[in-house]
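# Coordinate analysis (summary)
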Amino acid sequence: MIRPIIAGNWKMHKTVEESVNFAHQLREKLSEPVGGDVIIAPPFTALFPVAEALKGVSIHLSAQNLHWEEEGAYTGEISAGMLVGIGCEYVIIGHSERRILFNENSNEINRKIKTALKFNLGPIFCVGETLSERESGQTFAVIKRQIEEGLFNLSSGDIKPIVLAYEPVWAIGTGKTATPGQAEEVHRFIRDTMTEIYGEDTSSNTVILYGGSVNPDNISDLINQPDIGGALVGGASLDVERFIKIVKRCF
Ligand code: PGA
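Let us look at the structure shown here. Remember, it's a predicted structure, so these values are computed and weren't measured experimentally. (Residues numbered from 1 in each chain as written. Predicted model: local features only at pLDDT ≥ 70, side-chain atom pairs only at ≥ 80, totals over all residues. Heavy atoms only, no water.)

## So, the overall build of the chain
Applicable threshold: Counting from the N terminus, the helices are DSSP H or I runs at least four residues long and the strands are E runs at least two residues long. C-alpha atoms define the radius of gyration in this analysis, and the globule rule sets the expected value at 2.2 Å times the number of residues to the power 0.38. Only protein chains enter the accessibility calculation, which uses a 1.4 Å probe. A residue is then buried if its area is under 20% of the maximum for its type, exposed if over 50%, and partly exposed in between.
Helix and strand content of the chain: 11 helices and eight strands. For 251 residues, the compact-globule formula gives about 18 Å, and the C-alpha radius of gyration of the chain, at 17 Å, lands near that figure. Judged by the C-alpha coordinates and their principal axes, the chain covers about 45 × 45 × 35 Å. Taking all 251 residues of the chain together, 53% fall into the buried category.

Below, the structure written as structure tokens:
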């Protein structure tokens, strides 16, 4: 049985003060060990103070992005080494907001995943179809392409630290969650695609998160699906009580 994961993606929310307050409350309220891994992804500016606030407890830290180069003249960018240096263990890569709003393509996503792996940062690699792709029957083709391109030239050994996240674009921030059946259908497809490329052993050990309007009321039905290994939570991760409810209902 693989360990479930709940990851909170704060996106462009919370000042340092708000982030540290959240971390203190989380630490206090989740002091008992839980049956899965809890990850939070604050904005870059809050990563270091949150890492300090979470010292000594097993709540993990993720960044929301990184640059694929190790260093250099890339004004405004953040490197893998900088993230590892402050205690980050994960990084979100390929989120649909980056793909759509910042024109990130599969080649860049693939390079970011490779750099993250080189620095022992666990990529939380997001895939998902838009509403029009779903309505025109392209969901599986889109997901397969995103996986093949994002993980291009990586072996089954390389991809062990990767956490996959299925996030239908039409469900992100819209309040429209995929039904547990709709989500499971794609999760199953992702698992089968991973088996095809990397073999049963790797695929059965890959955690596949669901993301898109996850909240305390829908998490239980989602997590009961056989191929859903946890959730990547946006809006509902910003409020510490709601986030903890999701964690407790999941593990
Ligand atoms: P949401 O965001 O939970 O607000 O829909 C999920 C995500 O973008 O990771």
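Still more ground to cover, so stick around.
## Re the pattern of salt bridges
The cut-off we apply is this: Each salt bridge in this description consists of a side-chain nitrogen of Lys or Arg and a carboxyl oxygen of Asp or Glu lying within 4 Å of one another.
Inspection of the entire model under this criterion finds 14 salt bridges. Here Glu104 makes a salt bridge to Lys112, at a shortest N to O gap of 2.6 Å. Residue classification places Glu104 among the buried residues on the basis of a relative accessible area of 8%.

## Thoughts on the environment of Pro49
For clarity, the cut-off: Should any heavy atoms of two residues lie within 4.5 Å, those residues are counted as being in contact.
Along the chain, the position of Pro49 falls in helix H2 (residues 44-53). With a relative accessible area of 22%, Pro49 lands in the partly exposed category. Beyond its immediate sequence surroundings of up to four residues, Pro49 is in contact with Val16 and Val20.

## Structural notes on unusual backbone geometry
Of note, Asn103 is a non-glycine position whose phi angle comes to about 55°, a positive value. Following the sequence through the fold, Asn103 ends up in the loop between helix H4 (96-101) and helix H5 (106-118). Of the residues examined, Asn103 reaches a relative accessible area of 62% and is grouped as exposed. Here the phi dihedral of Ser213 falls at roughly 55°; this positive angle occurs in a residue that is not glycine. Of note, Ser213 is situated in the loop between strand E7 (208-211) and helix H10 (219-223).

## Looking at helix H7 (residues 139-150)
Here is the rule we go by: Helix span, as expected, comes to 1.5 Å for every residue beyond the first. Think of it as the arc spanned by the lines of direction from the helix axis to the C-beta atoms.
In this model H7 runs 16 Å from its N-terminal to its C-terminal C-alpha over 12 residues, within 8% of the 16 Å that 1.5 Å per residue would give. Of the positions making up H7, those classed as buried are Thr139, Val142, Ile143, Gln146, Ile147 and Gly150. The arc enclosing the buried residues of H7, seen along the axis, measures out at 130°, which places them on a common side. Close packing links the buried residues of H7 with H4, H5, strand E5 (122-127), helix H6 (131-135), strand E6 (163-166) and helix H8 (180-198).

## Considerations on the site of the ligand
For clarity, the threshold we go by: A molecule or strand has a residue near it when one of that residue's heavy atoms lies within 4 Å. N or O atoms closer than or at 3.5 Å make up a polar contact, with two conditions inside protein: a donor-capable atom paired with an acceptor-capable one, and, for residues adjacent in sequence, both atoms drawn from side chains. In these tables, accessible area is a Shrake-Rupley quantity obtained with a 1.4 Å probe, and a residue counts as shielded only by the protein chains included in the view.
What surrounds the ligand is a group of 13 residues, the closest being Lys11, His95, Glu167, Gly173 and Ser213. A distance of 2.7 Å separates an oxygen atom of the ligand from a polar side-chain atom of Lys11. Residue His95 places a side-chain N or O atom 2.7 Å away from an oxygen atom belonging to the ligand. For the ligand, the protein covers 95% of the area, taking 290 Å² as the surface of the free molecule.

## Topic: H5
Think of an α-helix as 3.6 residues a turn; residues three or four steps apart then line up on the same face. Its 13 residues give H5 an end-to-end C-alpha distance of 18 Å, which sits within 8% of 18 Å, the value for a rise of 1.5 Å per residue. For H5, every residue scored as buried is listed here: Ser106, Ile109, Asn110, Lys112, Ile113, Thr115, Ala116 and Leu117. On its buried face, H5 sits against helix H3 (80-85), strand E4 (90-93), H4, E5 and H7. Where H5 begins, the capping side chain belongs to Asn105, and its oxygen is found 3.1 Å from the backbone nitrogen of Asn107.

## Structural notes on the pairing of E4
Selection criterion: Here the term right-handed applies to a crossover when the path leading from its first strand over the helix to its second strand runs clockwise, the strands being oriented away from the viewer. We call two strands paired when DSSP finds no fewer than two bridges between them.
By the alternation rule, side chains of E4 split into Tyr90 and Ile92 and Val91 and Ile93, which are all buried. Each parallel crossover has a hand, and the one from strand E3 (residues 59-63) via H3 to E4 is right-handed. Taken together, the four bridges between E4 and E5 define a ladder with parallel strand orientation. Looking at the pairing, Ile93 lines up with Phe125 of E5.

## Quick word on the side chain of Arg99
Filter applied, for reference: By the counting rule applied here, Lys and Arg register as positive and Asp and Glu as negative, while His and the ends of each chain are not counted.
Along the chain, the position of Arg99 falls in helix H4. It is Glu149 that comes nearest to the buried, bridge-free Arg99 among opposite-charge side chains, at 6.4 Å. For Arg99, the side chain forms a polar contact with the main-chain oxygen of Cys126, separated by 2.8 Å. Look past the residues within four positions of Arg99 in its chain and what remains in contact with it is Gly94, Glu104, Ser106, Ile109, Phe125, Cys126, Val127 and Gln146.

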